[in-house]
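Architecture at a glance
Residue-level listing of the chains:
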Amino acid sequence: MSEYFADTVLVHSRVKVLVVEDDTTVRNFCRHLLRLHYDVATAANGRDAVDMLQQDNYDLVLTDLQMPEMGGIELLRHVREHYPAIDVVILTAFATVDTARQALKLGAFDYLSKPVDASDLERAVRRCLELRRIRHEKERLSELLVMHRFSQAIATSLDTETQICQMTDFLWQRFAPESLAISLFYPEESQLTLQIYKTRMGGPVRVGHVDLAADCDTDQLATAHLQLVGSVAAEPPGLFAGTALRTHDRPIGYVHMTRGSDQPEFEPNERTLLSVFASQIAASLDNARLYRQLKEQHLQTIEALAEAIDARDTYTMGHSRQVTRYAVRLGERMGMTAEKLELLRYASLLHDIGKIGIRDYVLLKPGPLSDEEFAVMKKHPRIGAKIISKVQALRATLPIIEGHHEQVDGKGYPAGKSGDELSLETRILAIADAFEAMTADRAYRMAMENEKALQVLIRGRGTKWDEQLVDAFVAMIREEGSTLRIRTRLKQTRVPLIKPREEQQAVVSADARD
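Residues numbered from 1 in each chain as written. Predicted model: local features only at pLDDT ≥ 70, side-chain atom pairs only at ≥ 80, totals over all residues. Heavy atoms only, no water.

1. What to know about the packing of helix α10 (residues 319–333) against helix α11 (residues 338–350)
To keep things clear, this is the line we draw: Lines fitted to the C-alpha atoms define the axes, with helices restricted to the stretch that makes contact. Angles between their N-to-C directions range from 0 to 180 degrees. Only DSSP runs of H or I with at least four residues qualify as helices, and only runs of E with at least two residues qualify as strands; both kinds are numbered from the N terminus onward. Any angle between 65 and 115 degrees counts as roughly perpendicular, while under 35 counts as roughly parallel, over 145 as roughly antiparallel, and the rest as oblique. What makes a crossing left-handed is the near helix being turned counterclockwise from the far one by less than a right angle; a clockwise turn instead makes it right-handed. Whether two residues are in contact is decided by their heavy atoms: any pair within 4.5 Å suffices. In this classification, the charged set is Asp, Glu, Lys and Arg, the nonpolar set is Ala, Val, Leu, Ile, Met, Phe, Trp, Tyr, Cys and Pro, and all remaining amino acids, among them Gly, are polar.
One way to put it is that α10 packs onto α11 with a least axis distance of 8 Å and a crossing angle of 160°. One element, α10, and the other, α11, form an angle in the roughly antiparallel class. For the crossing formed where α10 meets α11, the hand is right-handed. Together, Ser320, Arg321, Thr324, Ala327, Val328, Gly331 and Glu332 of α10 and Leu341, Leu344, Arg345, Ser348 and Leu349 of α11 make up the contact between the two elements. Of the residues belonging to the contact of α10 with α11, the class tally is five nonpolar, four polar and three charged.

If you want it as structure tokens, here you go:
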């Protein structure tokens, strides 16, 4: 026996071989030759071999062609249909070209003519197992590549809906199921929500949710998931593959797939792969959910800050939220990306934060501002940008906040920028801010009617404001103005407006009274 064969034996010492031969002499010869290096079992005919294949796992089948009860060709067909991972080598005393062609066409790895030569048998088994090893290595590499691509796909976004769509597409292509469903568990709301349910027959996507205790176990989660889908686990079990999505040792959802009766059952390696995918899905969805929660808290904090600034004047209460509604809707109509819309939303909410640095006697003055007072008021965009510059996550909003009073003709403030120097977000915010200010009551004037304010914008198109954006904004307000309005008119509470020198005198008077 060659050194190569000896090395191969060590590698494949746990390989299981089934020898199927009705001739006792040949059967014993093969068993004695191979059992030194492999686990060898024998069967006298194809029918016995089928029973043994059901009871144990084998890597290689050596089978005669001519046998009672079930011959080698019929056994080969059975193995190929039910055990595609098992290799088959044919032993035959009738080694004609037609016989060999038929066996190879049905999926046999090789064939040997009787009488069987020891060297030929060893060589055939060795070659078969070596190619099997290479095939398995390629399959493992392929699965690793699949998992890598899957990880790359779901890592491109932290948006839950986008991730669900990516996961669905990937699992659908990889497993080709009859149906696929993914649900997510929200323990804080005690609900399991069906995110996607896709079937090979198509039809409307089923959505919904079901109540589920926060401390539910995996079985309860699976039951609730199937209740949402409107089915039970598929019968036979081989056509159903499902697993809980878990992260940090807690369930966050469930994924299951089914196959039709015309499809193969899920193999053990497919179930293992699904479990691996499930762990990646769970981690990714959990990260996306945490990210969404952080973003929501971040936005709520910004909204609260904007409301606090607006609250300094009851006439401007809710001004920033209303400007944001107008600006973001116009951005949507202009086809801005989700990232740009988010930036515009933050900038719109924070655009007047600089007013915190403007004294009340200027900010709340009920009449026209003097030149000196207007010069003070014009500082608020830069004050706002300076305040926000301390927050790294919001620095992208600085040019928008600082430029929301600039004009396309360069006659705005504070920097006198014009045209293309102003970003799309800045030009949108300028229009939304101007319109909202004109259509809201102020201490020094009553609100304009929408149409009158729109005429002001139209007269200023190309000078104060971007022409294309003004046209789009006017169309938007005329079509959707009533649904976009969210502010509630509040009656102003009059407060004394004290200038710096008067403030000092008031303090002296107060001290005197005390």
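2. Thoughts on the sheet that holds strand β7 (residues 191–199)
What counts here: Strands are labelled as partners when DSSP assigns at least two bridges between them.
An order of β8-β7-β6-β10-β9 is seen for the five strands of this open sheet, with the pairing classed as antiparallel. Each edge of the open sheet is held by one strand with a lone partner, namely β8 (208–211) and β9 (240–247). On average, each strand axis in the sheet is tilted by 20° relative to the strand beside it, whichever way the strands run. Of the strand pairs in this sheet, strand β6 (residues 179–186) and strand β10 (residues 250–258) are connected by six bridges, and their pairing is antiparallel. Within the sheet, the bridge partner assigned to Ser183 lies in β10 and is Tyr254. On top of the sheet, helix α7 (residues 160–175) reaches β6, β7 and β10; it is set at about 150° to β6, its chief contact.

3. Let's talk about the nonpolar core
As a reminder of what qualifies: For our purposes a nonpolar core is just a set of buried Ala, Val, Leu, Ile, Met, Phe, Trp, Tyr and Cys residues, chained together by side-chain atoms within 4.5 Å. The classification of residues rests on relative accessible area computed with a 1.4 Å probe and restricted to protein chains. Under 20% of the type maximum is buried, over 50% is exposed, and intermediate values are partly exposed.
With 44 residues, the main nonpolar core has Tyr326, Phe435, Leu457, Trp465 and Phe473 as its most contacted residues. Apart from the residues lying within four places of it in its own chain, the contact partners of Tyr326 are Ala432, Phe435, Glu436, Phe473, Met476, Ile477, Leu484 and Arg485. Ranked by size, the runner-up nonpolar core spans 24 residues in total, among them Leu180, Val255, Phe266 and Leu285.

4. A word on the confidence of the model for the protein
The condition is simple: The predictor reports its confidence for every residue as pLDDT, a score running from 0 up to 100.
Per-residue pLDDT for the protein averages 82, and the proportion of residues at 70 or more is 83%. Segment residues 1–13: pLDDT under 50, and 20 contacts once partners within four positions in sequence are set aside and those in other chains are kept. Taken together, the stretch residues 500–514 has pLDDT below 50 and engages in four contacts with residues farther than four places along the chain or on a different chain.

5. Examining the pairing of strand β4 (residues 87–92)
On a regular strand, each side chain points to the face opposite its neighbour's, so the side chains alternate between the two faces of the sheet. The criterion, for reference: Here the term right-handed applies to a crossover when the path leading from its first strand over the helix to its second strand runs clockwise, the strands being oriented away from the viewer.
Counted residue by residue, β4 has six buried out of six residues, so it is predominantly covered. Going residue by residue along β4, you find Asp87, Val89 and Leu91 tucked away on one face and Val88, Ile90 and Thr92 tucked away on the opposite face as well. Tracing the backbone out of strand β3 (residues 60–64), into helix α4 (residues 72–82) and back to the parallel element β4 gives a crossover that is right-handed. Pairing of β4 with strand β5 (residues 110–113), which is carried by four bridges, proceeds in the parallel orientation. Note that in β5 the partner of Leu91 across the bridge is Leu112.

6. Side note on α7
The cut-off we apply is this: Under the convention used throughout, the expected extent of a helix is 1.5 Å for every residue step, that is, one less than its residue count.
In this model α7 runs 22 Å from its N-terminal to its C-terminal C-alpha over 16 residues, within 8% of the 22 Å that 1.5 Å per residue would give. In the segment just after α7, Ala176 is the residue with positive phi, at about 50°.

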